[in-house]
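Listed here are the chains, written in short residue letters.
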Amino acid sequence: MATTIEDDETPFLSSSSQPMGMFTGDISGTGNQSNKNELSTLNEPVLDTIKRDLGAVLRKFGYAVIPRESSTLLQQWDLWGPLILVTILAILLQSSSTKASSGVEFAQVFTLMLMGSIAVTVNSQLLGGKISFFQSVCVLGYCLLPLLLAAIINNTLLYISSKSAIPVFHIIRFLIVMAAFGWAMYASTRFLGQTQQPSRRLLVLYPIFLFYFLIAWLIILHAHPK
Amino acid sequence: MMFSSDGFLTDNNASSANARQTHVFTSFPNSAVDVDDERPENKSTTQQQSDSDKYALPLPATANESAPEQYHMWQIEYYQKYFQVDTQQVLERLIGSMTPRPNKSYFDSTIRQNPDLYGPFWVCVTFIVTVAISGNIVNYFHQSDAEFQIDFSKITLSAILVCFYWWMMPTSIYFFFRWRLNRIEYTFLELLCIYGYSLTIFIPISILWIIPIGWLQWTSTILASIISGSVLIVTFWPTINADHKRFSTVSILAVFFLHLLMAVCIMLVFFHVSDNNINPTTPSITLSTSTILTTSKKIA
């Protein structure tokens, strides 16, 4: 039985706007909350958009470094931060001077981080976590910031002390990377640990531990440029 | 039924009742259920809902469901039933796979009611990671001035070997039991579980393999495969024992031998220190001592 289409009614197959309005903002994982203002941001100047988005990304970096508030990072997820971090880290971890194999190394590191994030996220979802796929990738990516800082410090230390193979520098670099690993672990535990029931928390945290340990290992390895 | 002015076939009574209403669907039809059966029931519930409280918050989709939802293969909830474990249970199973007890199979006490895929998968991944890292450390000590980079081709090789072992053994045992006994003694999931957890003991062993002493590597490999192999044998014992004596010993030996073979392969590919692979600095040491001897002979 078909229903008639009247001209002054809302078109076929759309429900009334009221229940839909009640949905927005109640379900975590719907991404940005600016759905209502979507049309109005099309007309603003590009500089405003860039400033706003950049501000959001930088604010999330701040939350990742000093884990104090746990709702913003999860509810307003975006993937810019993880993309920037992973790309810079993959560039920093290239070590060989030839062009051909350095491209391969970049791809290896990038793929490793991508697959690792996906594996950790799917694992926490399978264990019944109340977190969506992109939220988890977002948190994991943003919490990489301490490791990136450690890689940058390592590179500058290498540059400064390039000719002398004093063992002290090796130990200092190792300690810096381990400290950054602990920091990244603590930050992501604060965010992702809350989303699981307590009896399974360790099961979810262990893959995150493996993931960050692998990345820390790659940074430690990157110590002998030719 | 008559044609309206727009040209649509419509029911006159229904159109007057529905003229100013919009339906808010709160229970979604299960696509596995026949559509014709679902439609009248949906319509009746939505009619009641929209008549009574048009502007109230709609109920969540699962509010009217009495039976558990049927998930599809592409939804992640479909696979959640393989991951119903707690931390405590996983730890119990890990320890149980490393301690062979002659009469009690840990499988019956822990895994049988609730096989899971979390443990086996992450044990395999951890094993591959520790083998990769330990192999890297061994390379560093062998070739002291060479590049200290991860060799992804070797890691891929070891990953394929371990995953192949983890999947092939359960497959072959499953089909073997089906052919031999004509019944399904262990489900495929339980076999995957058993074999996944049996790799647990190799994780600390792979860290031991870094020490470049030949006999230590061999003895630790053989000891570890004896321990986890015996856990495997204790698990399969009730089923195999019911068969002919000769056949049961052959199958037990086959299980044990393949387990040993896998461990030995990984050790040889990554870690083994044979006489050929001794540190390149030692020939120079022997060279320098021989030159010192010859010069001392000349002087003397």
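Naming follows an unreviewed UniProt entry, where chain B appears as Protein YIPF of Rotaria socialis. UniProt annotates chain B under Sequence similarities (unreviewed entry) with the comment "Belongs to the YIP1 family."

Identification of chain A as Protein YIPF from Rotaria socialis is taken from an unreviewed UniProt entry. The UniProt entry for chain A carries this comment under Sequence similarities (unreviewed entry): "Belongs to the YIP1 family."

**Q** Any chance you could explain the nonpolar core here in plain terms?
**A** One recurring pattern in soluble globular proteins is that nonpolar side chains are buried together. By size, the foremost hydrophobic cluster in this structure holds 61 residues, and its most contacted members are Tyr195(B) and Phe236(B). When residues of this core are assigned to their parent elements, the largest contribution, eleven residues, is made by helix H5 (residues 118–142) of chain B. Val86(A), Leu93(A), Val139(A) and Phe181(A) belong to the second largest nonpolar core, which has 43 residues in total.

**Q** How should helix H6 (residues 133–142) of chain A be read in this particular structure?
**A** Each α-helix turn comprises 3.6 residues. Residues three or four places apart therefore point the same way. Most of H6(A) sits out of view: eight of its ten residues are buried. Among the residues of H6(A), Gln135(A), Ser136(A), Val137(A), Cys138(A), Val139(A), Leu140(A), Gly141(A) and Tyr142(A) are the ones counted as buried.

**Q** I'm lost on the UniProt feature "transmembrane region" (unreviewed entry) in chain B in this one. Help?
**A** As annotated in UniProt, the feature "transmembrane region" (unreviewed entry) corresponds to residues 117–135, 155–177, 189–211, 217–240 and 252–273 of chain B in the numbering used here. The span residues 217–240 of chain B is 100% helical and 0% strand by assignment, and the distance between its end C-alpha atoms comes to 32 Å.

**Q** Quick question: what am I supposed to make of the environment of Ile95(B) here?
**A** Assignment of secondary structure puts Ile95(B) in helix H3 (residues 87–96). Measuring from C-alpha to C-alpha, the distance between Ile95(B) and Trp179(B) comes to 32 Å, with 84 residues separating the pair along the chain.

**Q** Help me understand the pattern of salt bridges, please; the structure alone is not making it clear to me.
**A** If the charged atoms of two oppositely charged side chains come close together, the side chains can form a pair. All names here are of chain A. All chains considered together, the criterion is met by four salt bridges over all chains. Note that Arg52 and Glu44 form a salt bridge whose closest N and O atoms lie 3.0 Å from each other. Relative accessible area serves as the criterion here: at 41%, Arg52 is assigned to the partly exposed category. Across the pair Lys60 and Asp78 runs a salt bridge whose closest N-O atoms are separated by 2.8 Å. With Lys60 in helix H2 (residues 46–65) and Asp78 in the loop between helix H3 (72–75) and helix H4 (80–92), the pair connects residues that are 18 residues apart, well separated along the chain. The pair Lys60 / Asp78 is uniform in exposure class, with both members buried.

**Q** Looking at this structure, how should I read the side chain of Glu190(B)?
**A** Here Glu190(B) is to be found in helix H7 (residues 188–198). Leaving out residues up to four positions away in the same chain, Glu190(B) has contacts with Phe107(B), Arg112(B) and Pro115(B).

**Q** Before we go on, may I ask you to explain the confidence of the model for chain B in this structure?
**A** Predicted coordinates in regions of low pLDDT should not be interpreted in detail. Residues and elements named next belong to chain B. Summary statistics for chain B give a mean pLDDT of 73 and a share of 66% for residues scoring 70 or more. Ranking the elements of chain B by mean pLDDT puts helix H2 (residues 35–52) last with 46 and helix H8 (residues 202–208) first with 90. Long-range and interchain partners of residues 38–53, a stretch whose pLDDT sits below 50, account for 18 contacts in this model, where long-range means more than four residues apart. Note that pLDDT drops below 50 for residues 275–288; the model gives that stretch five contacts with residues more than four away or on any other chain.

**Q** Looking at this structure, how should I read the packing of aromatic side chains?
**A** Centre distance and the angle of the planes are the two values used to describe a pair of aromatic rings. Enumeration according to the criterion identifies 21 aromatic pairs over all chains in this entry. For the ring pair Phe181(A) and Phe209(A), a centre distance of 5.7 Å and an interplane angle of 55 degrees mean the geometry is tilted. Linking Phe181(A) in helix H8 (residues 167–192) with Phe209(A) in helix H9 (residues 201–221), this pair joins segments that are 28 residues apart in sequence. Here Phe181(A) falls in the buried class, since its relative accessible area comes to 9%. For Phe209(A), a relative accessible area of 35% translates into the label partly exposed. Ring geometry for Phe211(A) and Tyr212(A): centres 5.5 Å apart, planes at 40 degrees, overall tilted. Under the relative-accessibility criterion, Phe211(A) is labelled buried at 8%. Grouping aromatic residues by their ring pairs yields a cluster made of Trp166(B), Trp167(B), Tyr174(B), Phe175(B) and Phe188(B). Above the plane of the ring of Tyr82(B) lies Lys81(B), whose end atom (NZ or CZ) is 5.5 Å from the centre.

**Q** In this structure, what is going on with the environment of Phe107(B)? I would like to understand it.
**A** Residue and element names in this part refer to chain B. Summarising the element assignment, Phe107 is placed in helix H4 (residues 106–111). On a C-alpha basis, the gap between Phe107 and Phe175 in space is 20 Å, while along the polypeptide they are 68 residues apart. Leave out the neighbours within four places in its chain, and Phe107 touches Arg112, Tyr186, Glu190, Ile194 and Thr235.

**Q** Would you explain the UniProt feature "transmembrane region" (unreviewed entry) in chain A in this entry?
**A** The UniProt record marks residues 77–94, 106–127, 133–153, 165–184 and 204–223 of chain A with the feature "transmembrane region" (unreviewed entry), using the residue numbering of this structure. As annotated, residues 106–127 of chain A has a helix share of 95% and a strand share of 0%, and its two end C-alpha atoms lie 32 Å apart.

Parameters and conventions
Residues numbered from 1 in each chain as written. Chains lettered and ligands numbered in written order. Predicted model: local features only at pLDDT ≥ 70, side-chain atom pairs only at ≥ 80, totals over all residues. Heavy atoms only, no water. UniProt positions renumbered as here; feature names shortened; annotations may be inferred. Core = buried A, V, L, I, M, F, W, Y, C linked by side-chain atoms within 4.5 Å. Buried < 20%, exposed > 50% of the residue type's maximum accessible area, 1.4 Å probe, protein only. Helix = DSSP H or I, 4+ residues; strand = E, 2+ residues; numbered from the N terminus. Salt bridge = Lys/Arg side-chain N within 4 Å of Asp/Glu carboxyl O. Contact = heavy atoms within 4.5 Å. pLDDT = per-residue confidence, 0-100. Phe/Tyr/Trp six-rings, centres within 6.5 Å; stacked < 30°, edge-to-face > 60°. Lys NZ or Arg CZ within 6 Å of the ring centre and 35° of its normal.

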